[in-house]
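Coordinates in review
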Amino acid sequence: MPTDVHQHIWPPEFIEVLRARTAPPHLDGWTLHLAGEPPYEVDPADHDIAARTALTRTDGLDLALVSLSSPLGIEYLPPAEAAGLLTAFHDGALALPAPFGVWASPCLSSPVPEAVEAVERELRRGCRGLQLPATALLDAAGWDRCAPLLEVLPHHDKPLFIYPGAAPPTPDAPSWWAALVPYQQQMHASWFAFRAFGRARHPRLRVCFAALAGLAPLHGERLAARGGGRGEIDFDAFYETSSYGTRAVDALVRAAGINVIVSGSDRPYAPLTIPDLGADAAVHALRTVNPARLLKGSTP
């Protein structure tokens, strides 16, 4: 089943709630305002459900997983503000036609029991796994705080998707700054924190890092030189390919192996890219075999 594990669509009800807000994140017409980035002009066609459904057929997909973009910062809003946005997103995304599926997103400012109950509810409704912003998982304290949410996932046999969180304000930065600097730094740090603190606490957790984990696994030689050890390949830690091409994906394959790379596009913000790894079997692994393992589990 060819799969894209990383896309974005704003359902109509979610757009309405964003437009009703006056503080970031909010939508003024089709201009998105965030706290840490310049205003962004949204293309309405990017969220046209019929057009996006047709595009999945062009891409040859049988499953496309829709994500709430964590840089919006919704997970950290006060519970009363986050609730309407999360409800609108989950309700609208779960109602999307095939081949779309959904990652669940939590309210990280809610009391723990309420946050856990909400995540379990969305998983029972059909969400394929839980997405957390990397900013929640940058160190041992973050993995401890999120542990009650993460412990839910093995009980439902669902994976975790770690995604860049909101970027801090950077005056006079170019438009690409957030995507290339804070987003990648967050992913890099969350991968090392998972290796140092997360895996031992959650041995059964399947986890996927967006954007090739900020290329963190390429630092294996330096990690070994500094006493961190190279370690064995973790076959339940996956790396999603969005915004990267053949050279970066090939480098991750050399560092972590072909069995843990999964295809993701970040549509509509980047096109689907199929890296040229020299064999049809490699593309089949990235698009079909490995996403199935991420979502359902198994040993390669």
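Placed above this text is the structure.
Notes on the structure follow. Everything quoted here is computed from the prediction, not taken from an experiment. (Residues numbered from 1 in each chain as written. Predicted model: local features only at pLDDT ≥ 70, side-chain atom pairs only at ≥ 80, totals over all residues. Heavy atoms only, no water.)

**Regarding the packing of aromatic side chains**
- Counting across every chain of the model gives 10 aromatic pairs.
- Note on Trp143 and Phe194: the rings are 5.6 Å apart at their centroids and 45° apart in plane angle, and the pair reads as tilted. On the criterion of sequence distance, the pair formed by Trp143 in helix H5 (residues 140–156) and Phe194 in helix H7 (residues 182–201) is long-range, its members being 51 residues apart. Judged on exposure class, the residue Trp143 and its partner Phe194 are both buried.
- Ring centres 6.0 Å apart and planes at 40° place the aromatic pair Trp176 and Trp177 in the tilted group. (Phe/Tyr/Trp six-rings, centres within 6.5 Å; stacked < 30°, edge-to-face > 60°. Helix = DSSP H or I, 4+ residues; strand = E, 2+ residues; numbered from the N terminus. Buried < 20%, exposed > 50% of the residue type's maximum accessible area, 1.4 Å probe, protein only.)

**Re the environment of Asp48**
- Note that Asp48 resides in the loop between strand S4 (40–41) and helix H2 (49–58).
- Taking C-alpha positions, Asp48 is 27 Å from Leu180, a pair spaced 132 residues apart along the chain.
- For Asp48, the side chain forms a polar contact with the main-chain nitrogen of Ala50, separated by 3.2 Å.
- Only 2.9 Å separates the side chain of Asp48 from the backbone nitrogen of Ala51, close enough to count as a polar contact. (Polar contact = N/O pair within 3.5 Å; in protein donor to acceptor, adjacent residues only side chain to side chain.)

**Digging into helix H4 (residues 112–125)**
- Counted at 1.5 Å a residue, the expected span for H4 with its 14 residues is 20 Å, and the 20 Å between its end C-alpha atoms agrees.
- Along H4, the residues that are buried comprise Ala115, Val116, Val119, Glu122 and Leu123. Angular distribution of buried residues about the axis of H4 spans 130°; they occupy a single face of the element. Across from the buried face of H4, at angles greater than 90 degrees, the exposed residues are Pro113, Glu117 and Arg124.
- Where H4 is buried, its residues meet helix H3 (79–94), strand S6 (100–104), strand S7 (129–133) and H5.
- A positive phi of about 130° marks Gly126, the residue just after H4. (Expected span 1.5 Å × (residues − 1). Arc of directions from axis to C-beta. Contact = heavy atoms within 4.5 Å.)

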